[in-house]
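# Observations on chain architecture
Below, each chain spelled out in residue letters.
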Amino acid sequence: MMRRDRLFLAATLTAIFSADLYFILLPKLRGMGRGSRRLCSCGPDNFTLPGQGGLATPQLSNWTSASPLVGTTPAPMDGGSKLERLFAHPLYNIQTPALGPEERLLQAEQLMEYYRKKVSRWERHMKLYSEAAAVSNITVTEHEVTFDPDASWVKFHLGISRYALYSRDDPAIPRLLKDMESMTVVSADYTQDEKALKGACDCTQVVKPSGHHLKLALKMRNFAKAMFKPMRQQRDEETPEDFFYFVDFQRHNAEIAAFHLDRILDFRRVPPVAGRLVNVTGEVLQVTHNEDLRAVFFTSPANNTCFFAKCLYVCKTEYAVCGSPDLLEGSLSAYLPGLSIAPRISIPNPWIRSYTFTGREEWEVNPFYCDTIKQLYPYNSGNRLLNIIDMSIFDFLTGNMDRHHYEIFTKFGDEGFLLHLDNARGFGKHSQDEMSILAPLSQCCMIKRSTLLRLQLLARHEFRLSDVMRESLEGDPLRPILTEPHLLALDRRLQKVLRVVQRCVRRLGEDEVITKDFAKSTGRPQTATEAKKTR
């Protein structure tokens, strides 16, 4: 009797275990296997792209509707330009909707009238200043200013739309980068935030006002305007370990590299930036009309021309930057249209840091912080939160911990893109990956499908991020812009971003994590030759 009971119990337990195995464990294992194959970032051999969902499939003869992106990229030929092949890829030839007046930031007639008035005002100002300088025996180098409606910087301003600062094939951008390398400087002045300080700085503040940083607004002969940030740190120097992120140096090469990375990621939210050697005597001191700026110039014991910031607590020669003897390398960032014609607003980043020595923000201690943010305007609908996550991925790749605010154009409202401005505190430490920068992604577990597709593409051997960045930066006159350890750090960080997405998908499922985009594809992708012509 007892033996029959034992056999019956054993048979019952075996049946229960078999049912659990078939109906519960096996489906989970299959799901994990599919997710691993879909999003594995372990290496190029295991790489596949998920279906495009909201993105229309580009019409290529060797693509199938069953798997629109798996194995779509033909094996590249040996040698040649990886960057050209990247920009010729279908993912970089996806069109935004047709642009009407409401999708463009500015109209041509409006912009021409605005700048003609500014030129007239400038000429009147220069006439008065020249007369006053003659009376005071002040020597000022005078240059004639001309406004050209076909100038590259004007075309850049006219190309700004609801979706990006410039289109992928905008010929004005390579022209503008080239022009900024050699445009004649006719005026140098402090930037507006420095002027607002008027030299008065509160030395008790932990975080100093932005105006104490050494940066200048340069006006060119064709009436273009660019922000100049001088070199403060050598390429091979890392941020000291004891430095807080809010007192780190602002690096000119970080501004240059950030523009190229932003373009490679296809965000196009960083204004064009080019490196340049500036003659601080002939192109700053001798053309400035600001006596406060003139007053901070001096000649060092090594007979180099130097200047320092006007903020009182750094008004010391040891904080100065110096030419060699007059030439000083720096970054030139193209100005956006003026606030009077293209208003922008600055909004605190929901994942702002504490900017104190000991304090911590809620997101740093609450892993469910994003659940709260998702209930708040403007993050409870539209693309704003997804754009924040794009920005966090961009900042993580550069190592920039200083994203306390972001800006948007008011014309485009809640659906406008975020401007990725002020990137000079990136690329400070190649040996450290600050995972907290990715908090928006890891806490919200959301990402645009188009962003994920391009990140996965850049993880492939034939489009490796470090390789295309290296090639892109070779076009800047101050090359090399980044040292090799910084370039290799991009590949390492990219893998970490993909692993965060992979964990989210395993936990929540692809439909919850990967969000469809609105974009439509072009009729055909660009060829490498066409891509080269437009870039």
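First things first, this report covers the structure right here in the doc. (Residues numbered from 1 in each chain as written. Predicted model: local features only at pLDDT ≥ 70, side-chain atom pairs only at ≥ 80, totals over all residues. Heavy atoms only, no water.)

## Here we look at the packing of aromatic side chains
- Going through the model one piece at a time under the given rule, you end up with twelve aromatic pairs.
- Relative to Trp153, the ring of Tyr115 has its centre 4.8 Å away and its plane inclined at 90 degrees; by these criteria the two rings are edge-to-face. Taken together, the residues span a long stretch of sequence, with Tyr115 in helix α3 (residues 108-135) and Trp153 in helix α4 (residues 152-158) at a distance of 38 residues.
- Classification of Trp153 by relative accessible area gives buried; the value is 5%.
- Measuring from centroid to centroid gives 6.3 Å for Phe409 and Phe412, while their planes differ by 80 degrees, and the two rings are edge-to-face. The same class applies to Phe409 as to Phe412, namely buried.
- Of the aromatic side chains, those joined through ring pairs into one cluster are Tyr114, Tyr115, Phe147 and Trp153.
- Positioned above the aromatic ring of Phe223 is the side chain of Lys219, whose terminal nitrogen or guanidinium carbon lies 4.4 Å from the ring centre. (Phe/Tyr/Trp six-rings, centres within 6.5 Å; stacked < 30°, edge-to-face > 60°. Helix = DSSP H or I, 4+ residues; strand = E, 2+ residues; numbered from the N terminus. Buried < 20%, exposed > 50% of the residue type's maximum accessible area, 1.4 Å probe, protein only. Lys NZ or Arg CZ within 6 Å of the ring centre and 35° of its normal.)

## Re the packing of helix α7 (residues 252-264) against helix α15 (residues 465-473)
- Remark: α7 packs on α15, axes separated minimally by 10 Å, with the N-to-C direction vectors making an angle of 125 degrees. As summarised for this structure, α7 and α15 are arranged oblique, according to the angle between their axes. Between α7 and α15 lies a crossing whose hand is right-handed. Side by side, α7 and α15 meet where Ile256, Ala257, His260, Leu261, Arg263 and Ile264 of the first sit next to Leu465, Val468, Met469, Ser472 and Leu473 of the second.
- Along the lines of polarity and charge, the residues of the contact of α7 with α15 split into eight nonpolar, two polar and one charged. (Axes fitted to C-alpha atoms, helices over the stretch in contact; angles between N-to-C directions. Parallel < 35°, antiparallel > 145°, perpendicular 65-115°, else oblique. Left-handed = near helix turned anticlockwise from the far one by under 90°. Contact = heavy atoms within 4.5 Å. Nonpolar A, V, L, I, M, F, W, Y, C, P; charged D, E, K, R; others polar.)

## Describing the sheet that holds strand β4 (residues 225-230)
- Across the sheet, five strands lie side by side as β2-β3-β4-β9-β5; this open sheet has antiparallel pairing. Because the sheet does not close on itself, it has two edges, and the strands there are β2 (185-190) and β5 (273-279). For this sheet, the mean angle separating the axes of adjacent strands, direction not counted, is 35 degrees.
- In the sheet, β4 pairs with strand β9 (residues 327-334) via five bridges, with the strands oriented antiparallel. Each bridged residue has a counterpart across the sheet, and for Ala226 the counterpart in β9 is Ala334. (Pairing = 2+ DSSP bridges.)

## Looking at the pattern of salt bridges
- Scanning the model with the defined rule gives 26 salt bridges in all.
- One salt bridge connects Arg384 with Asp414, and the closest N-O pair in it is separated by 3.6 Å. On the criterion of sequence distance, the pair formed by Arg384 in helix α12 (residues 384-398) and Asp414 in the loop between β11 (405-409) and α13 (439-444) is long-range, its members being 30 residues apart.
- The salt bridge involving Arg479 is made with Glu474; its shortest N-O contact spans 3.9 Å.
- Three or more residues joined by partner-sharing salt bridges are found here, namely Lys82, Arg464, Asp467, Arg470 and Glu484. (Salt bridge = Lys/Arg side-chain N within 4 Å of Asp/Glu carboxyl O.)

## With respect to the pairing of β9
- In terms of burial, β9 is largely enclosed, as seven of its eight residues are buried.
- Bridge analysis of β5 against β9 gives seven bridges, and the strand direction is antiparallel. Among the inter-strand pairings, Val278 is bridged to a residue of β9, identified as Leu328.

## Things to note about the environment of Ile345
- Residue placement: Ile345 occurs in strand β10 (residues 344-348).
- Judged by relative accessible area, which is 39%, Ile345 ranks as partly exposed.
- Linking Ile345 and Phe409, residues 64 residues apart in sequence, is a C-alpha distance of 6.6 Å.
- Not counting residues up to four positions away in its chain, the partners in contact with Ile345 are Tyr406, Glu407, Ile408 and Thr410.

## Some details on the environment of Met183
- Note on placement: Met183 falls in the loop between α5 (172-180) and β2.
- Overall, the relative accessible area of 9% leaves Met183 in the buried class.
- Taking the C-alpha atoms as reference points, Met183 and Ala224, 41 residues apart in sequence, are found 8.7 Å from one another.
- Setting aside chain neighbours within four positions, we find Met183 in contact with Met220, Asn222, Ala224 and Arg276.

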